[in-house]
Amino acid sequence: MVATTLALLGFLVALYLWMWKAGLLGAMVCGTGGCEVVQTSRYAEFLGVPVALIGAAGYLSLLVVGLAGLQPAWLERRGPTLLLLALSGVGVAFTAYLTYLEAAVIRAWCRWCVASAVIITAIFITALLGLRETAPGKREA
Amino acid sequence: MAGAVALKRFYVILAVLAVAGGVAIWQLGRSRAGQAGTVQVAPAPVTGGAGAAGAAEAMPGYVMGSDSAALEVVEYADFQCPACRIFSILTMPDVVERLVRPGRIRWRFRDFPLPGHDRSPLAHHAAACAGEQGKFWAMHDQLYAGQDQWAAGGGADRKIRDLARTAGVDLGQYDECTRSRRYEARLAASRDFAAAQGVQSTPTFVIGSVRVSGTIPYDQLKAIVDSLAPIRR
């Protein structure tokens, strides 16, 4: 449940960033102005796809997997938790790369991106703990 | 049974969170759109001193509109910046048609190639070369329209040259100009001038005493213009 809630929060953050990037919002509420610098940089796209859109799709996948894992039929199985762990692991690695770009290359910090980094890390840790809970002989919390 | 009840409660909480998040995004976009970007009234004066003023003269930008317009809007932009592209394609046509052509404002484009954009110098130099032939604005439109092509992959020089051809630029003169690199120093001066003005991101607009950092929808731009230069009846 924790991972699913976090996935929803992450999805909302990524959706907001993507909507700004797509020109659907007038301006970004950021505080420092760093969000615009980061979002208008060449690194805001990965293989031609906006990074925020990749994030939104990733969080949506996590949300779907999280919801599926809560269904009675899946509750006792480790599959959804393993999938959550794998997806959030990829997310953490990608976020680490993006955070490095912010710190070392773009030299600007986007608070929403930092929030997303915290959320994806929290999902990864939650999945890791969930895996321990669902280890053979234990019951999923 | 208890689990099913807990799950239902969780779904309700999740749904409330989703709706609240959606409303928050809508409100954030809406309220800030009302102010259009990060708005500063009476921004800090030029801090670059005589050097910055000299840079401004060396590269005064490109002007569209009447000298007698009551208000000048200065846009600091980067051809490789996606937000600038969005503004240019979605908003600029309205600005030109409804504010520049009727003589309400004069528009000045100032080059601000951002350090992080590796192909910006090439694009801005190409636009300057097109400007020699009176084709800056045609090249400006082409560069933004084709941004996703020349800003990624190889052959940026060739792709931008193709855009120059589409803009109606004489390619003989264009090639000579790009080879000479004669605008490089002036473009660097323009970037320094923008930085001296406190411009940190693109697009940034200076509308009289108001500075807006970030994209700005037409309605908000017009509202600022109306507040600074009301229509005389």
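Residues numbered from 1 in each chain as written. Chains lettered and ligands numbered in written order. Predicted model: local features only at pLDDT ≥ 70, side-chain atom pairs only at ≥ 80, totals over all residues.

## Re the overall build of chain A
Helices and strands together make up the secondary structure of chain A, namely six helices and two strands. Each helix (α) and strand (β) of chain A, taken in turn from the N terminus, gives the series α-α-β-β-α-α-α-α. Each of the 141 residues in chain A was classed as buried or not, and the buried ones make up 47%. Across chain A, the fraction of contacts at a sequence separation of at least 24, relative to all contacts at a separation of at least 6, is 73%. (Helix = DSSP H or I, 4+ residues; strand = E, 2+ residues; numbered from the N terminus. Buried ≥ 20, exposed ≤ 12 C-beta atoms within 10 Å, placed from the backbone. Contact = placed C-beta atoms within 7 Å.)

## Side note on the overall build of chain B
Per the secondary structure count, chain B includes 10 helices and six strands. Within chain B, the proportion of its 233 residues that are buried is 40%. Within chain B, residue pairs in contact and separated by at least 24 positions form 82% of the contacts whose partners lie at least 6 positions apart.

## Side note on the pairing of strand 5 (residues 204–207) of chain B
Residue and element names in this part refer to chain B. Side chains T204 and V206 project from strand 5 onto one buried face, and the interleaved F205 and I207 project onto a second face that is buried too. Relative to strand 6 (residues 210–213), strand 5 is paired through four bridges, and the arrangement is antiparallel. Looking at strand 6, one finds that F205 is bridged to V212. Counting the residues that bridge the hairpin from strand 5 to strand 6 gives two residues, and of these G208 lies at a positive phi of roughly 60 degrees. (Pairing = 2+ DSSP bridges.)

## Overview of unusual backbone geometry
The omega torsion across B:T202 and B:P203 is -5 degrees, close enough to zero to call that bond cis. Here B:P203 lies in the loop between helix 9 (184–196) and strand 5. Positive phi outside glycine occurs at A:L47, with the angle close to 55 degrees. Mapped onto the secondary structure, A:L47 falls in the loop between strand 1 (45–46) and strand 2 (49–50). Backbone geometry places B:R181, a non-glycine residue, at a positive phi of 55 degrees. Mapped onto the elements, B:R181 comes out in the loop between helix 8 (171–180) and helix 9.

These figures capture arrangement, not role.
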